[in-house]
Protein chains: 2
Amino acid sequence: MITTDICVIGAGPVGLFAIFEAGLLKLRCHLVDALPQVGGQLAEIYPKKPIYDIPGYPEVLAQDLIDNLMKQAEPFKPTFTLGERADEIERQDDGSFITTTSDGTKIHSKVICIAGGLGCFEPRKPAIENLEKFEGKGITYMIKDPEIFRDKKVILAGGGDSALDWTIYLADVAKELSLVHRNSSFRGAPDSAQKVLALAEAGKINLLLNSNLTKVNGNGSLQEVSILDKDKNELLMDTDYLVPLFGLSPKLGPLENWGLEIENGALVVNTKDFETNIPGIFAIGDINTYPGKLKLILCGFHEAALMSHGAYKHIFPEKVLNLKYTTVNGVQSF
Amino acid sequence: MITTDICVIGAGPVGLFAIFEAGLLKLRCHLVDALPQVGGQLAEIYPKKPIYDIPGYPEVLAQDLIDNLMKQAEPFKPTFTLGERADEIERQDDGSFITTTSDGTKIHSKVICIAGGLGCFEPRKPAIENLEKFEGKGITYMIKDPEIFRDKKVILAGGGDSALDWTIYLADVAKELSLVHRNSSFRGAPDSAQKVLALAEAGKINLLLNSNLTKVNGNGSLQEVSILDKDKNELLMDTDYLVPLFGLSPKLGPLENWGLEIENGALVVNTKDFETNIPGIFAIGDINTYPGKLKLILCGFHEAALMSHGAYKHIFPEKVLNLKYTTVNGVQSF
């Protein structure tokens, strides 16, 4: 069992900044995120997009902001459980919590801070029968470790940045790589689309445009995928893996069952320390709501700071906390 | 008369970020600050100090943060009245406000946003008789334009960074430059102290350590300063200017008389949009107080964002405001 002071659910920008603010109060954080890397939407959906409304940054690329937040958090030695969804929270008799993830990992913490953004992102799935049968047995919706595809037959599906980027990356990894896309043009970056077309022309990948997945088959694990191609012919393709990359759709997910007060799909908190209706469970960032709430990253940063002070008071109700400034002696003194 | 949407009183980091957030809602800002430059404490007191708790900046020099905030505000064309203190606010019949500065400048605005930090900084003055008689007539406590000292006889007093930095700068500007310090060591940066000692050794300045100002004299304007030197001798020095740089002490100042609710030296605001008890007057940053308040720059940024939305609703009570994201089309689309 992992033990920590604050179990932060969500490793987006706001969750990452919570590490820093909690660290200044000598509270340690463990972060859980369903995505395989830190950064939330910024890293997953628009890593190369410039953001203009981070205070003090006239312009910053989303991934650079995440990298900087990680660097800022580093002195406080955060730990992570990535690629696992926080599924259950159990309040213990002593007021502490045990969080259990989708993979059964357990995290024991004094306080929980939900920094879940728009909720956990669930992959959009193609509407095909028997899909669930092969999930984890050849079908996956997210690539955690591309090495599992080395020297395998792989079919990717989709037309956004994620599909394009992984096609480029896996062209040198997989034994055979196909990209299936229902349309003739891509939604992703023109530069990436260009690269994918070049790979297809060079015969390094098999590109199927105006094509749709129709069936999956196998014996225990996935063996065959049927595709309706641009000429309406049914192709039967042997494969080891099928990876539909149709984007992620945000869902509040399991936390709907945790007894938290929810209003319009968001967790109701106070504005003093962003605690929910359950003492010891805080919520910061886009997932919370209160009068005046704006879904801005910079507001989540503020909420992370006040949450940390609230968490401290929850953990040490007797202690008086004085605000110290990092300008005086830097971060090392904390 | 200057006219604007929001008259922001205080041009520190939080006031500067208000320009950006208001700009996204197409509201224009005019900033007033008693200091001769933007940046508040950061620019005036610790421009070269690293700050560690600005989200996304593992480390940033105070002046660099100010420069970046100015760059971020630039597209929204802010205007400024610097070196003048906001002295009076008059509410007009139509609910708008006229702010009058210490120099008589008048600013007409729909809304007022007080971003006054710890209040206006008033210079600490030496305890000498007749000082007031020569203020503005040879005695000044803040250097707005160093060119007024060109080819003049100047006496600086003090031992902090401000005294050291100006000594180094003015050594090449003034005809004769003296630095009077009551102690034998300096509080300012060791590197600057070293430079000042080197200037004294090279005979470029006249350095009087363990010395104190005792008297000022003149006929209409300042002519002589008396100094008790390290050997307890009374020196009589001819001079055009005396600049005591003994630091700034924060005071709420004139706004104590504006009818605003004050609690422990701070302005009471709500947490929805940081409006004070007077409709149309908002307060953000270190100068306000509410349950959970932390005096952090990053909290002021959040307050600036919510204030801007509150100001918009105050100005356009009928209009519905939808939050737009800068990530979609950048700042130019606003």
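Just so it is clear, the structure is predicted and the values come from calculations on it, not from any experiment.

Points about the pattern of salt bridges
Residue and element names in this part refer to chain A.
And step 1. Throughout the structure, instances matching the rule amount to 14 salt bridges over all chains.
And step 2. In this structure, Glu147 and Arg150 form a salt bridge, with 2.7 Å as the shortest nitrogen-oxygen distance.
And step 3. When its relative accessible area of 37% is taken as the criterion, Glu147 is described as partly exposed.
And step 4. By relative accessible area, which is 38% here, Arg150 ends up partly exposed.

Observations concerning the interface of chain A and chain B
And step 1. The interface of chain A with chain B comprises 40 residues on the first partner and 40 residues on the second.
And step 2. The tally of links between chain A and chain B comes to zero salt bridges.
And step 3. Going through the elements one at a time, α1 (13-24), β3 (50-51), α3 (62-73), α6 (297-315) and α7 (326-329) of chain A are the ones with two or more residues in the side of chain A that touches chain B.
And step 4. For the side of chain A that touches chain B, the element with the most residues is α6 of chain A, which contributes seven residues.
And step 5. Residues of the side of chain A that touches chain B, tallied by class, amount to 24 nonpolar, ten polar and six charged.

Here's the deal with the sheet that holds strand β13 (residues 212-219) of chain A
Residue and element names in this part refer to chain A.
And step 1. With antiparallel pairing, the three strands of this open sheet are ordered in space as β13-β14-β15. Sheet topology places β13 and β15 (234-238) at the edges, where each strand pairs with a single neighbour. Neighbour-to-neighbour, the strand axes of the sheet open up by a mean angle of 25°, direction not taken into account.
And step 2. In terms of strand pairing, strand β14 (residues 221-228) meets β15 through five bridges, oriented antiparallel. Across the sheet, the residue bridging to Ser226 is Leu236, located in β15.

Thoughts on the packing of aromatic side chains
Residues and elements named next belong to chain A.
And step 1. Under the counting rule described, the total for this entry stands at 15 aromatic pairs over all chains.
And step 2. Look at Phe274 and Tyr290: their rings are 5.3 Å apart centre to centre, the planes differ by 55°, and that puts the pair in the tilted class. On the criterion of sequence distance, the pair formed by Phe274 in the loop between β19 (266-268) and β20 (281-283) and Tyr290 in the loop between β21 (288-289) and α6 is long-range, its members being 16 residues apart.
And step 3. The exposure class assigned to Phe274 is buried, which follows from its relative accessible area of 1%.
And step 4. Every member of this aromatic cluster is reached through a ring pair, and the members are Phe17, Phe20, Phe76 and Phe301.
And step 5. Against the face of Phe316 rests Lys319, its NZ or CZ located 4.3 Å from the ring centre.

Observations regarding unusual backbone geometry
Residue and element names in this part refer to chain A.
And step 1. Notably, Asp151 is not glycine yet its phi reads approximately 60°, a positive angle.
And step 2. Its place among the elements puts Asp151 in the loop between β9 (120-123) and β10 (153-157).
And step 3. Judged by its relative accessible area of 51%, Asp151 is exposed.

Observations concerning the confidence of the model for chain A
And step 1. In the predicted model, chain A carries a mean pLDDT of 92, and the fraction of residues at 70 or more is 96%.
And step 2. As a predicted assembly, this complex carries a pTM of 0.73 together with an ipTM value of 0.72.

What to know about the relation of the copies chain A and chain B
And step 1. Each copy of the sequence occupies a distinct position, and chain A is placed on chain B by a rotation of 179° and an axial shift of 0.2 Å, giving an RMSD of 0.3 Å. The transformation relating the two chain copies, once decomposed into turn and shift, fits a two-fold axis. No C-alpha of chain A lies nearer the rotation axis than that of His302 of chain A, which sits 3.1 Å from it.
And step 2. Here 100% of the contact residues of chain A are again contact residues in chain B; the copies associate through an equivalent surface.

A closer look at helix α4 (residues 161-170) of chain A
All names here are of chain A.
And step 1. Within the span of α4, buried status applies to Ala163, Leu164, Thr167 and Leu170. Buried residues of α4 fall within an arc of 145° about the axis and therefore sit on the same side.
And step 2. Along its buried surface, α4 packs onto β10, β11 (176-180) and α5 (190-201).

Things to note about the packing of helix α4 (residues 161-170) of chain B against helix α5 (residues 190-201) of chain B
Residue and element names in this part refer to chain B.
And step 1. Put simply, α4 and α5 touch, their axes get as near as 9 Å, and they point 45° apart. When the interaxial angle is binned, α4 and α5 end up oblique. Remark: the crossing between α4 and α5 carries left-handed chirality. Here Leu164, Asp165, Thr167 and Ile168 of α4 come into contact with α5, specifically with Ser192, Ala193, Lys195, Val196 and Leu199.
And step 2. Of the residues assigned to the contact of α4 with α5, the class counts are five nonpolar, two polar and two charged.

Notes on the domain arrangement of chain A
All names here are of chain A.
And step 1. Looking at chain A, the domain boundaries give domain 1 (2-121 + 248-329) and domain 2 (125-244).
And step 2. Regarding the contact of domain 1 and domain 2, the summed buried area is about 430 Å², with carbon and sulfur atoms giving 57% of it.
And step 3. Our count for the contact surface shared by domain 1 and domain 2 stands at zero salt bridges.
And step 4. Along the contact surface separating domain 1 from domain 2 lie zero residue pairs in polar contact (both at pLDDT 80 or more).
And step 5. When the residues that make up the side of domain 1 that touches domain 2 are grouped by side-chain class, the tally is four nonpolar, one polar and two charged.

Examining the environment of Met1 of chain A
Residue and element names in this part refer to chain A.
And step 1. Relative to the helices and strands, Met1 resides in the segment before β1 (2-9).
And step 2. Given a relative accessible area of 63%, Met1 falls into the exposed group.
And step 3. Taking C-alpha positions, Met1 is 7.4 Å from Thr105, a pair spaced 104 residues apart along the chain.
And step 4. Excluding anything up to four places from it in sequence, Met1 contacts Ile98, Lys106 and His108.

A closer look at the side chain of Glu275 of chain A
Residue and element names in this part refer to chain A.
And step 1. Tracing the chain through its elements places Glu275 in the loop between β19 and β20.
And step 2. Look at Glu275: it is buried, it has no salt bridge, and the nearest opposite charge is Lys272 at 7.2 Å.
And step 3. Here Gly280 takes part through its backbone nitrogen, which lies 2.7 Å from a polar atom of the side chain of Glu275.
And step 4. Not counting chain neighbours up to four residues away, the residues in contact with Glu275 comprise Val268, Val269, Asn270, Gly280, Ile281, Phe282 and His314.

Conventions adopted
Residues numbered from 1 in each chain as written. Chains lettered and ligands numbered in written order. Predicted model: local features only at pLDDT ≥ 70, side-chain atom pairs only at ≥ 80, totals over all residues. Heavy atoms only, no water. Salt bridge = Lys/Arg side-chain N within 4 Å of Asp/Glu carboxyl O. Buried < 20%, exposed > 50% of the residue type's maximum accessible area, 1.4 Å probe, protein only. Contact = heavy atoms within 4.5 Å. Helix = DSSP H or I, 4+ residues; strand = E, 2+ residues; numbered from the N terminus. Nonpolar A, V, L, I, M, F, W, Y, C, P; charged D, E, K, R; others polar. Pairing = 2+ DSSP bridges. Axes fitted to C-alpha atoms, helices over the stretch in contact; angles between N-to-C directions. Phe/Tyr/Trp six-rings, centres within 6.5 Å; stacked < 30°, edge-to-face > 60°. Lys NZ or Arg CZ within 6 Å of the ring centre and 35° of its normal. pLDDT = per-residue confidence, 0-100. Least-squares fit on C-alpha atoms with pLDDT ≥ 70 in both. Arc of directions from axis to C-beta. Parallel < 35°, antiparallel > 145°, perpendicular 65-115°, else oblique. Left-handed = near helix turned anticlockwise from the far one by under 90°. Domains from an automatic or database assignment. Buried area = accessible area lost by both parts, 1.4 Å probe. Polar contact = N/O pair within 3.5 Å; in protein donor to acceptor, adjacent residues only side chain to side chain. Lys, Arg positive; Asp, Glu negative; His and termini not counted.

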